[in-house]
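Structure at a glance
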Amino acid sequence: MEADPTLRLRVFDLNCWAIRYLSKRRQERVRLIGDTLRREGFDLVLLQEVWSERDYSDLKAKLGGCYPFSHYFRSGVIGSGLCVFSKFPILDTLLYQYSLNGYPYMLQHGDWFCGKSVGLVIIKISGIIFNVYVTHLHAEYCREKDAYLPHRLVQAWELAQFIRHTSKAADVVLLGGDLNMHPEDVGIRLLRGWTGLRDAFAEATRFEGCEHGCTLVPNNCFTVKAELLPFPLGIRIDYILYKAISSFTVKCEELKTTTGTAPGMDIPFSDHEAVMATLHVQRQGQAVGACGLGAAELTLVDVVTEARTEVGVGLRAAQRQRYSAGRMAVLAALLLLLQAVAALGVLAGLAAGQPFPKLSFSLLAFLAVGVLLLSTGLHLFHTMEVKMLQGTEEQMRMALRVLQERLRDG
């Protein structure tokens, strides 16, 4: 079937902040989101942090008439929180769960339990194949001392690789989601440079919404104001990125963000502002093929080098943590061994006439067993973390070698 010469696609992206039982006025906000989507009639809806499958089912029931096709991506303990609603048939889906996603013992953050992932849905509109990706990367929490930067860079690298290797048969690639990175951060530069994706905000012909396209703003009643003190206007961490691969061009005609409270309500949809893009897709006279790196190769070498350096810092930190956990496990095992020797001595009558402190001995044994189990678990976890960081650093090293060879040959 020959594709139409032009196509306009309206895309809606929102981090819903819908953590079951914990988010403020969650059910009311889910209902508001559903009403807005029905009223506005977007072609494609990309949502994050829909942790509750009941919320997804409620949205699906509410939107069924407008969005007959949808998919919910399941992963992790809590779930990926990712889902897609589409007016057009979904031909196929795929989920990739990131290899690193924070630490299980950082319970106050909880990212590890969410199974952060990237979901892919393939849809066909007027003969044009769209690869649509939705994702949510690890949160930053503290910009001055970002302990999760290596993990987020691994996620950005894996996201870029996943897009590159799964989009070869597509005509148009779309990525939406909460990337938890500022536009100038190394992770965003790595993702865009390695995939060729373009930023809808930077290329929009018309823009309406929060200043500088910020999606986490201080005047939102759900945001933590202290975290945004260094950024009085807010930060932009939610994106719609796109590119054409074959004989098409894609332009962003209009980009909007929500501002303030929902229409007629005293609350916004979420602690994030939604991003809404109108994309114009047009067939060209001849195929242009996949986007090459071209003149951007030199810049990309610097970006990959910077990212590899940060991953290396994370690798050395993980190695230190693995060593500390292993040393603690060895000390706990030695303590248990000493206790076993002492117990055998008592049984053998070597300490005849001496009272045996059974309670203290038992408490110390339980403590030693607990420390041994915990430290062994941490040692195994950080061993896996080291291997994942080593693997990513090796991939980046190989990519740098290839880029540098191409620069020399060029």
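Residues numbered from 1 in each chain as written. Predicted model: local features only at pLDDT ≥ 70, side-chain atom pairs only at ≥ 80, totals over all residues. Heavy atoms only, no water.

**Focus: helix H4 (residues 149-166)**
In a regular helix each residue adds 1.5 Å, so 18 residues correspond to 26 Å; H4 covers 25 Å between its end C-alpha atoms and thus fits that length. Among the 18 residues in H4, 14 count as buried, and that is most of the element. (Helix = DSSP H or I, 4+ residues; strand = E, 2+ residues; numbered from the N terminus. Expected span 1.5 Å × (residues − 1). Buried < 20%, exposed > 50% of the residue type's maximum accessible area, 1.4 Å probe, protein only.)

**Quick look at the pattern of salt bridges**
Scanning the entire structure with this criterion turns up 19 salt bridges. Two residues, Lys 62 and Asp 35, come together in a salt bridge whose shortest N-O distance is 3.2 Å. Of this pair, Lys 62 sits in helix H2 (residues 53-63) while Asp 35 sits in helix H1 (residues 26-40); the two residues are 27 residues apart in sequence, bridging distant segments of the chain. You can call Lys 62 partly exposed: its relative accessible area is 27%. The residue Glu 53 makes a salt bridge to Arg 74 at a minimum N-O spacing of 2.9 Å. Of this pair, Glu 53 sits in helix H2 while Arg 74 sits in the loop between strand E3 (69-73) and strand E4 (82-86), and the two are 21 residues apart along the sequence. Under the relative-accessibility criterion, Glu 53 is labelled partly exposed at 37%. Judged by relative accessible area, which is 51%, Arg 74 ranks as exposed. (Salt bridge = Lys/Arg side-chain N within 4 Å of Asp/Glu carboxyl O.)

**A look at the confidence of the model for the protein chain**
Considering every residue of the protein chain, the mean pLDDT works out to 90; 92% of them sit at 70 or more. Here residues 287-293 scores under 50 on pLDDT; set against residues more than four positions off or in separate chains, the count is 12 contacts. (pLDDT = per-residue confidence, 0-100. Contact = heavy atoms within 4.5 Å.)

**Considerations on the sheet that holds strand E9 (residues 198-199)**
Read from one edge to the other, the open sheet built from 6 strands follows the order E5-E6-E7-E8-E11-E9, with strand pairing classed as mixed. At either margin of the open sheet sits one strand with a lone partner, and together these are strand E5 (90-97) and E9. In this structure, E9 lies alongside strand E11 (residues 238-244), joined through 2 bridges in antiparallel fashion. When the sheet's bridge partners are listed, Arg 198 is paired in E11 with Tyr 242. (Pairing = 2+ DSSP bridges.)

**Quick notes on the packing of aromatic side chains**
As enumerated under the stated definition, the model contains 14 aromatic pairs in all. Both rings, one in Trp 112 and one in Phe 113, keep their centres 5.0 Å apart while their planes meet at 90°; by these two values the pair is edge-to-face. Given the relative accessible area of 24%, Phe 113 is considered partly exposed. Cluster of aromatic residues (ring-pair linked, three or more members): Tyr 103, Tyr 105, Tyr 141, Tyr 148 and Phe 381. One cation-aromatic arrangement involves Arg 10 over Phe 42; the distance from NZ or CZ to the ring centre is 4.4 Å. (Phe/Tyr/Trp six-rings, centres within 6.5 Å; stacked < 30°, edge-to-face > 60°. Lys NZ or Arg CZ within 6 Å of the ring centre and 35° of its normal.)

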